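Spelled out, the chains give:
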Amino acid sequence: LFRSTMRFVIDPNGSVRSVSVVEMVDAGEVQKGFTLNSIRQAKLPAIPADLKKELDGEPLEITYNFYF
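Once a new chain begins, its residue numbering starts again from 1 and follows that chain's sequence as written. Residues qualify for local features only when their pLDDT is at least 70, as the model is predicted, and side-chain atom pairs are given and counted only at 80 or more; totals for whole chains, interfaces and linings, by contrast, use all residues. Side-chain metrics rest on all non-hydrogen atoms present in the structure, leaving aside hydrogens and water.

A.B. asks: What's the story with the overall build of the protein in this structure? I'm lost.
C.D. replies: Helical segments are the DSSP runs of H or I of at least four residues, strand segments are the runs of E of at least two, and each set is numbered from the N terminus. Tallying secondary structure elements over the protein gives two helices and three strands in all. The order of α-helices and β-strands along the protein, N terminus first, is β-β-α-α-β. Relative accessibility decides the category of a residue: with a 1.4 Å probe and only protein chains considered, values under 20% of the type maximum give buried, values over 50% give exposed, and everything between is partly exposed. Within the protein, the fraction of its 68 residues that count as buried is 24%. The contact criterion used is simple: two residues touch if any of their non-hydrogen atoms lie within 4.5 Å. Residue pairs at least 24 apart in sequence account for 65% of intrachain contacts in the protein once pairs closer than 6 positions are excluded. The accessible surface values rely on the Shrake-Rupley method and a 1.4 Å probe; as for residues, cover is taken only from the protein chains in view. Accessible area for the protein stands at about 4700 Å²; split by element, carbon and sulfur atoms hold 52% of it. Positive residues here are Lys and Arg, negative ones are Asp and Glu, while His and the chain termini are left out of the count. By convention, charge coordinates are those of NZ in Lys, CZ in Arg, CG in Asp, or CD in Glu. One finds the centroid of the 8 positive side-chain charges in the protein at a distance of 5 Å from the centroid of its 9 negative side-chain charges.

Laid out in structure tokens, this is it:
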């Protein structure tokens, strides 16, 4: 089982602003590449109004583990 931990930032309109690799466990460049590309190309909805209010103008930062 391979794992990559990624951190990405989503702006209020749902666009991915940045992506970074936090950790790779037994995953190689292929897994890293398609995971980064998938996150960058994701079509996300705008952040809901109640969450925008809670974030107080800050983007949403997510850290997520992907398993292969």
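A.B. asks: In this structure, what is going on with the packing of aromatic side chains? I would like to understand it.
C.D. replies: Aromatic ring pairs are defined here through the distance separating the ring centres and the angle between the ring planes. Geometry of aromatic contacts follows a simple scheme: Phe, Tyr and Trp rings, the Trp one being its six-membered ring, pair when their centres are within 6.5 Å, and the pair is stacked under 30 degrees between planes, edge-to-face over 60, tilted otherwise. Scanning the model with the defined rule gives two aromatic pairs in all. Ring geometry for F34 and F68: centres 5.4 Å apart, planes at 85°, overall edge-to-face. Of this pair, F34 sits in helix α1 (residues 29-41) while F68 sits in the segment after β3 (60-67), placing them 34 residues apart in sequence. Note on F34: relative accessible area 40%, which makes it partly exposed.

A.B. asks: Would you explain the sheet that holds strand β1 (residues 3-10) in this entry?
C.D. replies: Where strands meet in a sheet, backbone hydrogen bonds hold them as pairs that are either parallel or antiparallel. Two strands qualify as a pair provided DSSP detects at least 2 bridges between them. Strand order in the open sheet made by the three strands is β2-β1-β3, with antiparallel pairing throughout. What marks the edges here is a single partner per strand, and that holds for β2 (16-25) and β3. For this sheet, the mean inter-axis angle between neighbouring strands, taken without regard to orientation, is 20°. With eight bridges connecting them, β1 and β2 associate as antiparallel partners. Residue pairing across strands places F8 opposite V19, the latter belonging to β2. Taken strand by strand, α1 contacts β1, β2 and β3, and its axis lies near 155° from that of β2. Simply put, an axis is a line fit to the C-alpha atoms, just over the touching stretch for a helix, and the angle between two N-to-C directions goes from 0 to 180 degrees.

Just distances and angles here, no functional claims.
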